[in-house]
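Structural overview for review
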Amino acid sequence: MAEGASVVFKLYCLAVLTVMAASYTVLMRYTRTVEGVRYYSTTTVFVTECAKMFFTLCILLKEHKGSIRKVSQELKGNIVGKPMEMLKMSVPSIVYAIQNNMTFIGLSNLDAATYQVTYQMKIPCTALLSVMMLGRSLSSMQWIAVFVLTGGVILVQGIGGEAVSHTTGTEGNYVVGLTALTIAVFCSGFAGVYFEKLLKGSDTSLWVRNVQMYSWGMLSAFLGVVMHDYQNVRENGFLYGYTPLVWLVVLLGSGGGIYTSIVVKYTDNIMKGFAAAAAIVLSTIASIMFMGLVVGWMFVMGASLVIAAIFLYGLPKTNTEKLPVRKSGT
Ligand code: NCC
């Protein structure tokens, strides 16, 4: 992929991510709340990590014109040859694995409205961490845009989420759900910004970074299965409850993850947050069209705020592919 990507390419990546994240959220919630056999979410997180590793290896193979020898040389040099770099990548990877599991716990224990409103704290949290950890600076207009976006998404979810929860009838432990989700918010911000710091702070390619990350991801997700669902998996099998829709969740989760990494490389974590917010507006519109969701003025107001925030923040014109130079050490 070309360095110094054009605005059109960045917008394309943000748009694909928006559509993928929107479908992923709708489908994940549907498969977790629909009546019937409940699959083990820890296994889905693991299978998704494996799928991401598979896709990343395919991309690396394509970049090396099908030469398995060249791919293994590159990976050997970066995995066996650079143990410290490999170790550094364990941090975002393990934190993401915690986040992915916490999201499922939050989703299974909270009503959609509470879930979505709490989860939106990711946006200011990520912005703050980007400033603190990457030395990025936001203009006052951009800070305003961040908060307008958060408010807009909360309004959209306040109405949309509540209506969806009535149709799904989720019952769960509120405190467990809220705690899990608060952890997920911090994990999302921290892991995203840390990954960006490692990616943009060195010359190692995105795909090698992803292989490093997904190796840890597979390991930690596997530990998640063993610690949480060992007995269940022994009794019913690893792929218990995997309907075609669950496989689609895996596909969207892995595709979405890979697009997330592309978006972080060519734009940044804050812009990823804007794409995710647009995804929420889109997924609510999809629920209106396909699930009979009825929305009122709060949705219209929220959606307008989201659109306004996107323009206030500015299109991805600024070059965020490199980290700003800091006066003191990184
Ligand atoms: O929560 P969020 O992102 O921060 O999670 C980022 C997801 O991207 C994966 N990732 C990250 C870097 C990398 N190199 N490879 C990756 O696979 C992580 O494993 C993690 O799953 C958001 O900002 O709201 C966003 O939300 C997720 C998802 O909708 C929520 O987490 C709900 O579970 C979106 N992920 C997908 O659509 C698959 C993400 O695009 C945006």
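This text goes with the structure placed above it.
Here we summarise the structure given alongside this text. Predicted, not measured: the structure shown is a model, and the values here were computed from it. (Residues numbered from 1 in each chain as written. Predicted model: local features only at pLDDT ≥ 70, side-chain atom pairs only at ≥ 80, totals over all residues. Heavy atoms only, no water.)

Some remarks on the overall build of the protein chain
The secondary structure content of the protein chain amounts to twelve helices and zero strands. Helices and strands in the protein chain line up, N terminus first, as α-α-α-α-α-α-α-α-α-α-α-α. Rg of the C-alpha trace for the protein chain: 20 Å, near the compact-globule value of 20 Å for 330 residues, within the 12% margin. Per-residue burial for the protein chain yields a buried fraction of 51% across its 330 residues. In the protein chain, 87% of the contacts between residues at least 6 apart in sequence involve partners at least 24 apart. Averaging the locations of the 24 positively and 15 negatively charged side chains of the protein chain gives two centres separated by 10 Å. (Helix = DSSP H or I, 4+ residues; strand = E, 2+ residues; numbered from the N terminus. Rg over C-alpha atoms; globule rule 2.2 N^0.38 Å. Buried < 20%, exposed > 50% of the residue type's maximum accessible area, 1.4 Å probe, protein only. Contact = heavy atoms within 4.5 Å. Lys, Arg positive; Asp, Glu negative; His and termini not counted. Charge placed at Lys NZ, Arg CZ, Asp CG, Glu CD.)

Re the packing of aromatic side chains
For the coordinates displayed, the defined rule picks out 13 aromatic pairs. Taking the centre distance of 5.4 Å and the plane angle of 40° together, the rings of Y115 and Y119 count as tilted. Of this pair, Y115 and Y119 both sit in helix 5 (residues 112-119), separated by four residues, roughly a single helical turn. Comparing Y115 with Y119 shows no difference in burial state: the two are buried. Every member of this aromatic cluster is reached through a ring pair, and the members are F9, Y12, Y259 and Y266. The ring centre of Y266 lies 5.5 Å from the NZ or CZ of K265, which sits over that ring. (Phe/Tyr/Trp six-rings, centres within 6.5 Å; stacked < 30°, edge-to-face > 60°. Lys NZ or Arg CZ within 6 Å of the ring centre and 35° of its normal.)

Comments concerning the packing of helix 6 (residues 122-134) against helix 8 (residues 174-200)
Interhelical geometry of helix 6 versus helix 8 gives an angle of 35° and a closest axis separation of 9 Å. Handedness of the helix 6/helix 8 crossing: right-handed. The residues of helix 8 that touch helix 6, namely those facing K122, C125, T126, L129, S130, M133 and L134, are V185, F186, S188, G189, F190, V193, Y194, E196 and K197. Of the residues in the contact of helix 6 with helix 8, the class split is nine nonpolar, four polar and three charged. (Axes fitted to C-alpha atoms, helices over the stretch in contact; angles between N-to-C directions. Left-handed = near helix turned anticlockwise from the far one by under 90°. Nonpolar A, V, L, I, M, F, W, Y, C, P; charged D, E, K, R; others polar.)

Looking at the site of the ligand
As a matter of local geometry, the ligand sits amid 25 residues, with K52, K122, S188, Y214 and K272 nearest to it. The separation between an oxygen atom of the ligand and a polar side-chain atom of Q99 is 2.8 Å. S188 is positioned such that a nitrogen or oxygen atom in its side chain is 2.7 Å from an oxygen atom of the ligand. Those elements that place two or more of their residues in the shell around the ligand are helix 1 (7-33), helix 4 (83-109), helix 8, helix 9 (206-236), helix 10 (244-266) and helix 11 (269-290). Take the shell around the ligand: its biggest share by element is six residues, from helix 10. Here the shell around the ligand is built from residues that sort into eleven nonpolar, eleven polar and three charged. (Near = heavy atom within 4 Å. Polar contact = N/O pair within 3.5 Å; in protein donor to acceptor, adjacent residues only side chain to side chain.)

So, helix 11
In a regular helix each residue adds 1.5 Å, so 22 residues correspond to 32 Å; helix 11 covers 31 Å between its end C-alpha atoms and thus fits that length. Capping of helix 11 at its N-terminal end is provided by D268; its side-chain oxygen lies 2.9 Å from the backbone amide nitrogen of I270. Where helix 11 terminates, the next one or two residues include G292, which has phi positive at roughly 70°. (Expected span 1.5 Å × (residues − 1).)

Some thoughts on the pattern of salt bridges
Tallied over the entire structure, the rule returns six salt bridges. In this structure, the salt-bridge partner of K52 is E49, at a minimum N-O distance of 3.0 Å. Linking K52 with E49, this pair stays in helix 2 (residues 41-63), spanning three residues, or about one helical turn. Classification of K52 by relative accessible area gives buried; the value is 9%. Looking at E49, the relative accessible area reads 8%, which means it is buried. Its salt-bridge partner being E85, residue R209 comes within 2.7 Å of it at the nearest N-O pair. Of this pair, R209 sits in helix 9 while E85 sits in helix 4, placing them 124 residues apart in sequence. The structure contains a network of salt bridges with shared partners spanning R136, E196, K200 and D268. (Salt bridge = Lys/Arg side-chain N within 4 Å of Asp/Glu carboxyl O.)

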